[in-house]
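So you can see what is in the structure, the chains are spelled out below.
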Protein chains: 2
Amino acid sequence: MRQNPARRAALLDAAIEVLARDGARGLTFRAVDAEAQVPVGTASNYFSSRDELLTQVGHRYYERLEPDAAALAEALSGPRDRDRVTELMHDVVERVMTFRSGYLALLELRLESTRRPELRELLSKRIRADIDFNIRNHVQAGLPGDATTVVVLYLALNWLILERLTLPDVFPDEQVHDLVTDVVERILPGPRRSA
Amino acid sequence: MRQNPARRAALLDAAIEVLARDGARGLTFRAVDAEAQVPVGTASNYFSSRDELLTQVGHRYYERLEPDAAALAEALSGPRDRDRVTELMHDVVERVMTFRSGYLALLELRLESTRRPELRELLSKRIRADIDFNIRNHVQAGLPGDATTVVVLYLALNWLILERLTLPDVFPDEQVHDLVTDVVERILPGPRRSA
DNA sequence: AACGTAGTACTACGGATGAAGTGGTGTCAA
DNA sequence: TTGACACCACTTCATCCGTAGTACTACGTT
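Conventions used here
Residues numbered from 1 in each chain as written. Chains lettered and ligands numbered in written order. Predicted model: local features only at pLDDT ≥ 70, side-chain atom pairs only at ≥ 80, totals over all residues. Heavy atoms only, no water. Helix = DSSP H or I, 4+ residues; strand = E, 2+ residues; numbered from the N terminus. Buried < 20%, exposed > 50% of the residue type's maximum accessible area, 1.4 Å probe, protein only. Salt bridge = Lys/Arg side-chain N within 4 Å of Asp/Glu carboxyl O. Least-squares fit on C-alpha atoms with pLDDT ≥ 70 in both. Contact = heavy atoms within 4.5 Å. Near = heavy atom within 4 Å. Nonpolar A, V, L, I, M, F, W, Y, C, P; charged D, E, K, R; others polar. Core = buried A, V, L, I, M, F, W, Y, C linked by side-chain atoms within 4.5 Å. Phe/Tyr/Trp six-rings, centres within 6.5 Å; stacked < 30°, edge-to-face > 60°. Axes fitted to C-alpha atoms, helices over the stretch in contact; angles between N-to-C directions. Parallel < 35°, antiparallel > 145°, perpendicular 65-115°, else oblique. Left-handed = near helix turned anticlockwise from the far one by under 90°. Polar contact = N/O pair within 3.5 Å; in protein donor to acceptor, adjacent residues only side chain to side chain. Arc of directions from axis to C-beta. UniProt positions renumbered as here; feature names shortened; annotations may be inferred. Expected span 1.5 Å × (residues − 1).

A. How the structure looks around the overall build of chain A. Secondary structure summary: chain A contains 10 helices and 0 strands in total. N-terminal to C-terminal, the α/β element order of chain A is α-α-α-α-α-α-α-α-α-α. By principal-axis analysis of the C-alpha atoms, chain A measures approximately 65 × 35 × 30 Å. Across the 195 residues that make up chain A, the buried fraction comes to 52%.

Now the structure itself:
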């Protein structure tokens, strides 16, 4: 079992791309080797099984999302009204959607986790933590809305992103921006701008 | 290419189960044969390719959901206030979640459709039609809320179901009912009961 | 009532594919 | 010199798919 962390990370990033492009079906050691442009057999040397590869992909995904500190600081700046929330939500949707392969890979992992308890536990913890994190930030920042607001926003926007990334024709391109705005307006009552 | 419609439907139902249980990775002709308890090679005789099998599974899924006439009539009865909408949404969530394998299979198909234009077109049309159908019904029934309300409800509840079916620990069992209620209350402003 | 035919069900084999793992060699750095 | 890793080649293994061939059943004909 090889240890080189940089190479391991590169392999995991490659696995994310493969998952997004070819699905769980296409995720083989060989495919990861090819995607990472390393010699055949390398992935075999770094992961003892497909199972281990999958759970490590889960870890890696969240590792890559960690550097949220910048975005976090941004959330604390500016006014504390609904229009600000709308702006922030647009940013979030934008950010998540640009990492398309990551999002799709995570969906594949979700479905895989149906059959892999270890993966399920990992994902449950990370996602629960993510939601709690968002709630804490939201209320601490003094933004309008409570914990439930954040959860409902989380639900609606996630499915919107899923819909866009898998079946883009359901909500046409040009409607998406307004749709995000609508979602926030419906979920978060009150005046648009604070007095 | 065999024609027996009953057997074809049985094979497609088996394919749904396989998709939900083993994922796209496990969906092979042989696995479908085994699930449908028919002799090896039968699925091969009924579908010329994996591609064709997948798109026909898509058709079959919606075929099975068609008999919504009863639920539809129910929507038209009763009061026309928010609590009624909440009730209806509880019913919808309940109904969808009891066909767990169907929902999971559809998610697999969504991800597959990323790579299969034909499948993507099929799913896009059906889902778009489904949304439009719900909107029309909602407003015709005189229920509170407009088209946007229905769309936002669709988004939030779908992700809630996805979360429950893939990572049940994120939103614990006992919170789900209240969460559905919360979702409706946040998205649909106004009094609970009509005057 | 016997026969022939068409459409299916079932069995079994053939061929091909591609994946995983391992052993061996070369290279670099401590 | 030694240990860890990169790279390569080869063997083994697991399935999977397609189809040829056979048996069965229903139905229409005469």
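B. Structural view of the pattern of salt bridges. Residue and element names in this part refer to chain B. The full count for this structure, using the stated rule, is 30 salt bridges over all chains. Glu112 is the partner of Arg116 in a salt bridge, and the nearest nitrogen-oxygen pair spans 2.7 Å. The same class applies to Arg116 as to Glu112, namely buried. Of the charged contacts in the structure, one is a salt bridge between Arg164 and Asp173, with a shortest N-O distance of 3.1 Å. Residue classification places Arg164 among the buried positions, given a relative accessible area of 12%. Assessed through its relative accessible area of 57%, Asp173 is described here as exposed.

C. Structural detail: the relation of the copies chain B and chain A. Each copy of the sequence occupies a distinct position, and chain B is placed on chain A by a rotation of 180° and an axial shift of 0.0 Å, giving an RMSD of 0.1 Å. A rotation of that kind, with that shift, is consistent with a two-fold axis. Taken together, the interface assignments show that 100% of the residues at the interface of chain B recur at the interface of chain A, consistent with an identical surface on both copies.

D. Expanded view of the protein's contact with DNA strand C. Taken together, 13 residues sit near DNA strand C, with Arg30(A), Arg7(B), Pro39(B), Val40(B) and Tyr46(B) positioned nearest. Counting only atoms of DNA strand C within 4 Å of the protein, the fraction found in sugar and phosphate groups is 66%. Tallied by class, the residues present in the surface near DNA strand C amount to 4 nonpolar, 6 polar and 3 charged.

E. Highlighting the nonpolar core. If you look at the biggest cluster of nonpolar residues, it comprises 129 residues, and the most contacted ones within it are Leu155(A), Trp159(A), Phe171(A), Leu155(B), Trp159(B) and Phe171(B). Filtering out sequence-adjacent residues up to four positions away, Phe171(A) remains in contact with Leu160(A), Glu163(A), Arg164(A), Val176(A), Leu179(A), Arg128(B), Ile131(B), Val151(B), Tyr154(B) and Leu155(B).

F. Region of interest: the packing of aromatic side chains. In the structure shown here, the tally under the stated rule is 7 aromatic pairs over all chains. Consider the rings of Tyr61(A) and Tyr62(A), whose centres lie 5.2 Å apart with planes at 90°: the pair is edge-to-face. Grouping residues by exposure puts Tyr61(A) and Tyr62(A) together as buried. Seen from their ring centres, Trp159(A) and Tyr154(B) are 6.5 Å apart, and the 90° between their planes marks the pair as edge-to-face. With one member in each of two chains, Trp159(A) in helix 9 (residues 147-166) and Tyr154(B) in helix 9 (residues 147-166) form a pair that bridges those chains. In terms of burial, Trp159(A) and Tyr154(B) fall into one category: buried. What links up through ring pairs into an aromatic cluster is the set Tyr154(A), Trp159(A), Tyr154(B) and Trp159(B).

G. How the structure looks around the environment of Glu121(B). Residues and elements named next belong to chain B. By the secondary structure assignment, Glu121 is in helix 8 (residues 117-140). What makes Glu121 partly exposed here is its relative accessible area of 47%. Here the alpha-carbon distance between Glu121 and Asp146, two residues 25 residues apart in the chain, equals 27 Å.

H. Spatial organisation of the packing of helix 6 (residues 82-98) of chain A against helix 9 of chain A. All names here are of chain A. Relative to each other, helix 6 and helix 9 sit at 40°, their axes nearing to 11 Å. Taken as axis vectors, helix 6 and helix 9 run oblique relative to one another. Two packed elements cross with a definite hand, and for helix 6 against helix 9 that hand is right-handed. Residues Val85, Met89, Val93, Val96 and Met97 of helix 6 form the contact with helix 9, whose own contacting residues are Leu153, Leu157, Ile161, Arg164 and Leu165. For the contact of helix 6 with helix 9, the class distribution of residues is 9 nonpolar, no polar and 1 charged.

I. View of the protein's contact with DNA strand D. Close contacts around DNA strand D come from 14 residues, with Gln3(A), Arg7(A), Pro39(A), Tyr46(A) and Arg30(B) the closest. Near the protein, within 4 Å, the atoms of DNA strand D are sugar or phosphate in 64% of cases. Within the side chain of Asn4(A), a nitrogen or oxygen atom sits 3.2 Å from a phosphate oxygen of DNA strand D. Within the side chain of Arg30(B), one N or O atom sits 3.0 Å away from a base nitrogen of DNA strand D.

J. Broad picture of helix 2 (residues 29-36) of chain B. Residue and element names in this part refer to chain B. Taken residue by residue, helix 2 has Phe29, Val32 and Asp33 as its buried positions. One side of helix 2 carries all its buried residues, which in axial view fall inside an arc of 105°. A positive backbone phi angle near 55° is found at Gln37, which sits one or two residues after helix 2.

K. Main features of the UniProt feature "DNA-binding region" (unreviewed entry) in chain A. Per the UniProt record, "DNA-binding region" (unreviewed entry) is found at residues 28-47 of chain A. Helix makes up 65% of residues 28-47 of chain A and strand 0%, and the two end C-alpha atoms of the span are 11 Å apart.

L. Summary view of helix 7 (residues 100-113) of chain B. In this model helix 7 of chain B runs 20 Å from its N-terminal to its C-terminal C-alpha over 14 residues, within 8% of the 20 Å that 1.5 Å per residue would give. Burial runs high along helix 7 of chain B: 13 of the 14 residues are buried.

M. Geometry of the interface of chain B and chain A. On the chain A side, the residues contacting the 51 residues of chain B number 51 residues. Summed over the shared surface of chain B and chain A, the number is 6 salt bridges. As a salt-bridge pair, Arg110(B) and Glu163(A) come within 2.8 Å of each other at their nearest N and O atoms. Across the contact surface, chain B and chain A share 20 residue pairs in polar contact (both at pLDDT 80 or more). The set of elements that each furnish at least two residues to the side of chain B that touches chain A consists of helix 1 (5-26), helix 7, helix 8, helix 9 and helix 10 (173-187) of chain B.

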